[in-house]
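# Survey of secondary and tertiary structure
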Amino acid sequence: MDFLETLISLPPLLYAPLLVGSLCLVFNYLVYSRRVAQWRKSNIPFLSPSFLIGHKYFWGVGSNSATVVPLDRIYQENKDKDLVAFFIATMPVVLLRKPALIKQIFARNFDEAFKTGFAVSHNDVITPHMLSQSPDKKVWKTHRNALSPMFVTTRFSGKRFAKIRNQISLMWTHVEEARLQGKPINIKEVAGMFFQDIISNSFLALDDNSYVKEGEFRKFLKSLVEPGWGKLLGVFAQMHLQRIPTLESLKFITQKHIETMKSLLQKQIKQRSQTGDQRNDLIDLLIRLKEQDQDGKLDSEMDVTNEMISLGLSLLLGGKSVATVDNMVSFTIHLLSLYPEYQERIRQEVKEAMEKHNATEFTYEVVRDLHFLNQCLHETSRLYPNTSVITRVCTEDFTPAGTDYIFKEGELIIVDPYSIHRDPEYFENPDVFDPDRFSPKNRDSKSVDAFLSFGKGPRKCPGSNVALLVASTLIGSLLHKYEVRPYSHTKQMDADDFHPRSFAIVHKDDVLVNVIPREILAY
């Protein structure tokens, strides 16, 4: 029986799957062939794809870190190259390896020939206004300027620091209660409640206390940032499907999220309008924007609503968001628990800062003078950058200065901070936790250019200074009262400890530590 007879003898229900499968094979072959020919013509070195599924290192997505492990293997195996192209399934990408090349594309030439690497479908009215994803540079600039007062650390100075001091007291109480019950401390949980309550109280006037009750705001944030297959596939869909409508189940920001944010903002705006309070927070900012609509600066009432929602989500998710800050704190406490000598240096620094400012408690000025603690946070962010990939899309044909590479319009360009941060060419003994590498005397232009945790160029994280201030406050106040000792992780975490279904670098298991009051250690 020949092939045709075999095909004819198959049940009719099998024709459709066979046809679809055959079309997929043909489509993949055409995609691979066309892009490989383009890379060859553009002088871009590339790795040949495996049929149907792109590069073989991505076969294990879901069993290990979704992107860190495969990207790091590709990075390490191509040390002789400035860049290398390959496929993630059918998505063609170009991985940049050299900081000088990254600086050109992310900073010097970004406005000229590049945009952010996340797609915006034509029916999406929220994403175009979000700082982290907006492809429209004019819209991004307008909203970046609008939100800039929210990203200034001085908004927490003076009497306004009292709200943060209240969070310190609540955190101390929570930690002490757990200690007295003989329980280890879940650092990510503590950091999440600490930072979320500061955001909700300082920017949205919600007066939450997550240590007593998990409010609607905390539940909302959890639904936005918790890892899972949907979130992971949604990120890849946004990178790959340029301007194609995305299924609701694959959207990072779903309609339910939008409605929840809308309801929250409308409630707070109505309450503020009735009381007439002036708090110089996000609610005041949104009220001013709404009033501007009367002067014709916004198209319609619906546009105002969408813009308000987008700005609120930008504050929560853009740059160093709640999710990334609690991870940064968790990783930092994990590392400090393994290095008690660094804990002692932080305590001494807190003592000296309090003496300098004649303070008996934490103040804005005290936290701003915790320079070694700031170095610890930067070193943690080097070892565990909050994102595994930074993306850009070429908007026109572009040749980087000093090269013969040609990036074609639509080329998706990615950077892998994790691998660059652990490259001995830029950081000596890269796997060692060494906060002193970020001291003023040790920093050099090579390491500065290679450090990518807060982004690079005009789209770098606008909220990093606020995030670092809050993280320093939490860690400094915790170590001021307790010594932290490892419980769940007695060795330094590596890529095997990352969540397998997260695009961000997130530890898959809770970071648990024991705490010992300093007064007990004194005896």
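All values reported here derive from a predicted model rather than from experimental measurement.

This next bit is on the overall build of the protein. The number of helices and strands found in the protein is 21 helices and eight strands. Across the 523 residues that make up the protein, the buried fraction comes to 53%. For the protein, the share of sequence-separated contacts (at least 6 apart) that also reach a separation of at least 24 residues comes to 71%.

So, about the pattern of salt bridges. All told, the structure shown has 19 salt bridges when counted by the stated rule. One salt bridge in this structure joins Asp431 and Arg422, with 3.1 Å as the shortest N-O distance. On the basis of relative accessible area, Arg422 is assigned to the buried category, the value being 11%. In this structure, the salt-bridge partner of Arg485 is Glu483, at a minimum N-O distance of 2.9 Å. Since its relative accessible area comes to 18%, Glu483 is described here as buried. Through salt bridges with shared partners, one network takes in Glu214, Arg218 and Lys222.

What follows is about empty space enclosed by the protein. With the rule as written, the count across this model stands at three cavities of 30 Å³ or more. Reported here for the second largest cavity is a volume of approximately 50 Å³. Lining the second largest cavity are 10 residues, and of these Thr324, Asn327, Met328, Tyr384 and Asn386 lie nearest its centre.

Ranked by internal contacts, the top residues of the largest apolar core, which has 129 residues, are Leu96 and Phe407. Examining the composition of this core, we find that 10 residues originate from one element, helix α20 (residues 464-481), more than from any other. Ignoring sequence-local partners within four residues, the contact set of Leu96 consists of Asp82, Leu83, Leu101, Ile102, Ile105, Phe106, Phe407, Ile413, Ile414, Val415 and Ile420. Core analysis: the second largest hydrophobic core is formed by 20 residues, Leu95, Leu232, Val389 and Val393 among them.

Another aspect to go through is unusual backbone geometry. Within the chain, Asn43 stands out as a residue other than glycine whose phi angle is a positive 65°. With respect to the secondary-structure elements, Asn43 resides in the loop between α2 (15-41) and α3 (68-76). Owing to a relative accessible area of 37%, Asn43 belongs among the partly exposed residues under this scheme. Phi angles above zero are rare outside glycine, and Asn280 is one such case at about 55°. Relative to the elements of secondary structure, Asn280 occurs in the loop between α11 (255-275) and α12 (282-292). For Asn280, a relative accessible area of 41% gives the class partly exposed.

Now for the sheet that holds strand β8 (residues 512-517). Taken together, three strands build an open sheet; the order of strands is β4-β8-β7 and the sheet is antiparallel. Edge positions in the sheet fall to β4 (185-186) and β7 (482-486), since each has one partner strand and no second. Note: β7 against β8, five bridges, orientation antiparallel. When the bridges of β8 are listed, Glu483 appears paired with Ile516.

Okay, the pairing of strand β1 (residues 83-88) next. Most of β1 sits inside the fold, with six of its six residues counted as buried. Hairpin connection between β1 and strand β2 (residues 91-96): a loop of two residues separates the two successive antiparallel strands, and Ala89 in this loop has a positive phi of roughly 55°.

Here we take up the sheet that holds strand β6 (residues 412-415). Read across the sheet, five strands follow the order β1-β2-β6-β5-β3 without closing on themselves; strand pairing throughout is mixed. Pairing within the sheet leaves two strands with one partner each, and these edge strands are β1 and β3 (114-116). Averaged over all pairs of adjacent strands, the angle between strand axes in this sheet comes to 35°, irrespective of strand direction. Two strands pair when backbone bridges link them, and β1 and β2 are joined in this way by six bridges, in the antiparallel orientation. If you follow Phe86 over to β2, its bridge partner there is Val93.

All right, on to the side chain of Gln343 then. The residue Gln343 is located in helix α15 (residues 340-356) in this model. Given a relative accessible area of 0%, Gln343 falls into the buried group. From its side chain, Gln343 meets the backbone oxygen of Leu336 in a polar contact 2.9 Å long. Apart from residues lying up to four places away in sequence, Gln343 is in contact with Leu336, Ser337, Leu479, Tyr482, Glu483 and Val484.

Quick notes on the rules
Residues numbered from 1 in each chain as written. Predicted model: local features only at pLDDT ≥ 70, side-chain atom pairs only at ≥ 80, totals over all residues. Heavy atoms only, no water. Helix = DSSP H or I, 4+ residues; strand = E, 2+ residues; numbered from the N terminus. Buried < 20%, exposed > 50% of the residue type's maximum accessible area, 1.4 Å probe, protein only. Contact = heavy atoms within 4.5 Å. Salt bridge = Lys/Arg side-chain N within 4 Å of Asp/Glu carboxyl O. 1 Å grid on protein atoms, 1.4 Å probe; cavity = no way out; pocket = protein on both sides within 12 Å on 5 of 7 lines; lining within 4 Å. Points joined across faces, edges and corners; volume = space filled by probe spheres on them. Core = buried A, V, L, I, M, F, W, Y, C linked by side-chain atoms within 4.5 Å. Pairing = 2+ DSSP bridges. Axes fitted to C-alpha atoms, helices over the stretch in contact; angles between N-to-C directions. Polar contact = N/O pair within 3.5 Å; in protein donor to acceptor, adjacent residues only side chain to side chain.

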